[in-house]
Amino acid sequence: MIAIVGIVVIFVMVFGGYLAAGGKMGIILKAMPFELTMIMGAGIGAFLLSNSGAVVKHTLKDIARVFKGPKWKAQDYRDLLCLLFELIRLAKSDPLALESHIEAPADSAVFGRYPRIQSDRIAVELICDTLRSASMNYDDPHQVEEVLEKRMDANLHSALHSSHAIQNLADALPALGIVAAVLGIIKTMASINEPPEVLGKMIGGALVGTFLGVFLAYGFVGPFAARIRSVVEEDAQFYQLIREVLVANLHQHSPNICIEVGRQNTPDHVRPAFDDLEEALKETKAA
């Protein structure tokens, strides 16, 4: 919702200010279709040329995240802590029973209580691989922490491809706007014998290209890239939480201490209150 409000504010402030200053929309509206065709057409072509098919698909999918926001909500963080609590408690009390859950998480009753987490491949693999490593006596906390850090860095780097691709497009748009403007000036020079009022409109139309290139780059495409990056980095905190809890478990802390470590490392705006989480853990124990 806030993204839509931002778009409306941009249009109202830019074009409202232009009209309030006595500007006329006629020249802009007349030139805009042709200038947009050149600028956006060249921009899309450059975007396709500089990125792989996988990155293009990833980018098109991630554009929706500008409006949807982060995938993981406050309830998901609480569910994650409850899930990890169940698994850690099971690992300490009955390691053999844990094996069936981490080897077949899709069929696990424990994972099944948290379907949003169960459906996320990255989260499930991160949890199961780490717990499996611990069960194989690969339990040096520092080694495991280093492995998890590298894995999450790789995942984050891959998730940020779309943000980088859109930012590169934003960087190119002002220059493409200049290209469109230069072509408009070339067209104007071919009609140099026309009266001043005609030449003025033609030059104004050419300058619309420069305006659109800068306006699209800094008003829309650049902010889209920044928003996607922000959303991706916020969602990465969810996986960071998994690392913190499971590494605490490898240090042989009790399940409650491990979960409290995770709660303390949860971002402020989605962090469950201590009492609320205690109540959720009691319900988990009862279940």
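All values reported here derive from a predicted model rather than from experimental measurement.

Engineer: Explain the environment of Val 56 residue by residue, including any values.
Structural biologist: Structurally, the position occupied by Val 56 is in helix α3 (residues 53–63). Note: C-alpha distance between Val 56 and Ile 166 (110 residues apart in sequence) is 9.9 Å. Apart from the residues within four sequence positions on either side, Val 56 is in contact with Phe 47, Leu 48 and Asn 51.

Engineer: Describe a nonpolar patch on the surface, with residues and values.
Structural biologist: A contiguous nonpolar surface patch, about 770 Å² in accessible area, is contributed by Met 1, Ile 4, Val 5, Val 8, Val 9, Val 12, Met 13 and Phe 67. Within the secondary structure, Val 12 sits in helix α1 (residues 2–20). Among the residues examined, Val 12 registers a relative accessible area of 46% and is labelled partly exposed.

Engineer: Can you explain α3? Please cite residues and give values.
Structural biologist: Buried within α3 we find Val 55, Val 56, Thr 59 and Asp 62. All buried residues of α3 lie within an arc of 130 degrees about the axis, which places them on one face of the element. Residues of α3 that are exposed and point more than 90 degrees away from the buried face comprise Ala 54, Lys 57, Leu 60 and Lys 61. In this fold, the buried residues of α3 make contact with α2 (25–50), α4 (65–68), α10 (141–159), α11 (161–189) and α12 (196–250).

Engineer: Any chance you could break down α2 for me, citing the residues and the numbers?
Structural biologist: The end-to-end C-alpha distance of α2 is 35 Å, a good match for the 38 Å that 26 residues give at a rise of 1.5 Å each. The largest bend in α2 comes to about 45 degrees, at Met 32, with the proline Pro 33 one to four residues further on. All buried positions along α2 are accounted for by Ile 28, Ala 31, Glu 35, Ile 39, Gly 43 and Phe 47. On its buried side, α2 packs onto α1, α3, α11 and α12.

Calculation notes
- Every chain's residues receive numbers from 1 upward, in the order its sequence appears when written.
- In keeping with the predicted nature of the model, local features appear solely for residues at pLDDT of at least 70, side-chain atom pairs appear and are counted solely at 80 or more, and the whole-chain, interface and lining totals rest on all residues.
- As a convention, hydrogens and water are excluded, and side-chain values are obtained from all of the structure's heavy atoms.
- A run of H or I in DSSP counts as a helix once it spans at least four residues, and a run of E counts as a strand once it spans at least two, with each numbered from the N terminus.
- Contacts are assigned to residue pairs with any non-hydrogen atoms lying within 4.5 Å of each other.
- A residue counts toward a patch only above 30% relative accessible area and without a salt bridge, and it is joined to like-charged neighbours within 9 Å or, for Val, Leu, Ile, Met, Phe, Trp and Tyr, to nonpolar neighbours within 5 Å.
- Here the open area of atoms and residues is found with the Shrake-Rupley method and a 1.4 Å probe, where only the protein chains shown may cover a residue.
- Put simply, a salt bridge is a Lys or Arg side-chain nitrogen that is within 4 Å of an Asp or Glu carboxyl oxygen.
- Only protein chains enter the calculation, and the probe is 1.4 Å; a residue is then buried if its accessible area is under 20% of its type maximum, exposed if over 50%, and partly exposed in between.
- Arc definition: directions from the helix axis to the C-beta atoms.
- To estimate the expected span of a helix, count its residues, drop one, and scale the result by 1.5 Å.
- What the bend at a residue measures is the angle between two axes, fitted to the seven residues ending there and to the seven starting there.

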